[in-house]
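Here is how the chains run, residue by residue.
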Amino acid sequence: MRGSDQGSARTPRHQPILAMRPLCFGMVVILVPLLLSTAASAAPTLAGATLTGRGIACAGGATSAGSAKGAHLVVVPGGPGSSASDPLIVEKGGAIAWHGQTSVPLTNHHWHIELFGVTVASGGSANSSRERTVSGSANVATFTKELVGLYFVSGSIAGDEGSCSGSFWLEVPGSPLGTPIGIAVVAIGVIALVGLGQFSRPRA
Amino acid sequence: MMGKGDHVKRRSTIHPLRGGLFGMELGGAIVVLLILYGKWDYSSFAPGIVVVVALGVLGSLWGVFGPPRRAKSKAPAPEG
């Protein structure tokens, strides 16, 4: 049957809802930090990472537990280099156990972690106890919230004796389009296309 | 051939700024999507800036040289 619901109220021909809103595209969102320790040499390497030491030798590693694809390990040196095809996979809400060590105690150090090239976490210590190793764990949900996708995480630590810097790719499985950020980005893109098609063309 | 009296006066409105802003907005959305899908190694900001600026320029050109929209038709003046 056709037209059974025809005759209902018609929508206006031009709804200016999407119209001339202030364009906001300063949306580089930074939420997700992660660790970035430096890594140690160990055997199985499923995820890649890059680590560079200046003045000192650095090593470290990180393991994601509770992943549907099994525990993923990133180790440096010895493992494959940082690559989007070899990410450290962490389930949304999962945790990462990390550890790092340096060849000499790194005193008066300062560290930071970057995501999208923007610092998302930082800190430092005098390290008066002259420790050479450090370890911990990070709950990904604390940083990533609802984010999923593939992220390039980088960071460095610098002290009186030298510095270490490294990077790796982190994957939180899932489609970015199903997240608030993904939806917002798509909406912004659609608004831009509508703006180009409807409001930016010259008028004869 | 058009004669003197056949001259048609045409007035068009262009929107280079509007097109540029929408183009940059589209570029920004594309860049963020590329980041989320891991298709762009953002170790450098330059490619992202290039994408945004390029789409802004294309949007401006679209606002000037794009296919024109029909002018709003004015309501006919009441006769009499």
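Residues numbered from 1 in each chain as written. Chains lettered and ligands numbered in written order. Predicted model: local features only at pLDDT ≥ 70, side-chain atom pairs only at ≥ 80, totals over all residues.

Asks: For this particular structure, what's the right way to read the interface of chain B and chain A?
Replies: Frequently, the measure chosen for interface size is the accessible area removed from exposure when the parts meet. With 34 residues of chain B at the interface, the matching set in chain A holds 26 residues. Contributions of two or more residues to the side of chain B that touches chain A are made by α1 (16-36) and α2 (46-65) of chain B. In terms of residue count, the dominant contributor to the side of chain B that touches chain A is α1(B) (15 residues). When grouped by side-chain class, the residues that make up the side of chain B that touches chain A number 19 nonpolar, ten polar and five charged. (Contact = placed C-beta atoms within 7 Å. Helix = DSSP H or I, 4+ residues; strand = E, 2+ residues; numbered from the N terminus. Nonpolar A, V, L, I, M, F, W, Y, C, P; charged D, E, K, R; others polar.)

Asks: So what exactly am I meant to see when it comes to the nonpolar core here?
Replies: The nonpolar side chains of soluble globular proteins are, as a tendency, buried together. Of all hydrophobic cores here, the largest spans 52 residues; its most connected members are L88(A), F168(A) and L170(A). Ranked by residues supplied to this core, first place goes to α1(B) with ten residues. Residues lining this core come from more than one domain, with at least three contributed by each of domain 1 (28-173) and domain 2 (177-204) of chain A. Once residues within four sequence positions are removed from consideration, F168(A) is found in contact with A47(A), G48(A), A49(A), V74(A), S82(A), L88(A) and V153(A). (Core = buried A, V, L, I, M, F, W, Y, C linked by C-beta atoms within 7 Å. Buried ≥ 20, exposed ≤ 12 C-beta atoms within 10 Å, placed from the backbone. Domains from an automatic or database assignment.)

Asks: Would you mind going over the environment of I14(B) with me for this structure?
Replies: With respect to the helices, strands and loops of the structure, I14(B) is situated in the segment before α1. Its 17 C-beta neighbours within 10 Å are what place I14(B) among the partly exposed residues. For the pair formed by I14(B) and G66(B), sequence separation is 52 residues and the distance between their alpha carbons is 9.1 Å. Not counting the four nearest positions on each side in its chain, I14(B) is found in contact with P202(A), G63(B) and V64(B).

Asks: Would you explain the packing of helix α2 (residues 180-199) of chain A against α1(B) in this entry?
Replies: Axis angle and axis distance: for two packed helices, these are the angle between their axes and the distance between the axes, and together they describe the pair. Where α2(A) contacts α1(B), the two axes come as close as 8 Å, and the packing angle between them is 155°. By the angle class used here, α2(A) and α1(B) are roughly antiparallel. Crossing handedness for the pair α2(A) and α1(B): left-handed. Together, G182(A), V185(A), I188(A), G189(A), A192(A), L193(A), G195(A), L196(A) and F199(A) of α2(A) and R18(B), G19(B), F22(B), G23(B), E25(B), L26(B), A29(B), I30(B), V32(B), L33(B) and L36(B) of α1(B) make up the contact between the two elements. For the contact of α2(A) with α1(B), the class distribution of residues is 13 nonpolar, five polar and two charged. (Axes fitted to C-alpha atoms, helices over the stretch in contact; angles between N-to-C directions. Parallel < 35°, antiparallel > 145°, perpendicular 65-115°, else oblique. Left-handed = near helix turned anticlockwise from the far one by under 90°.)

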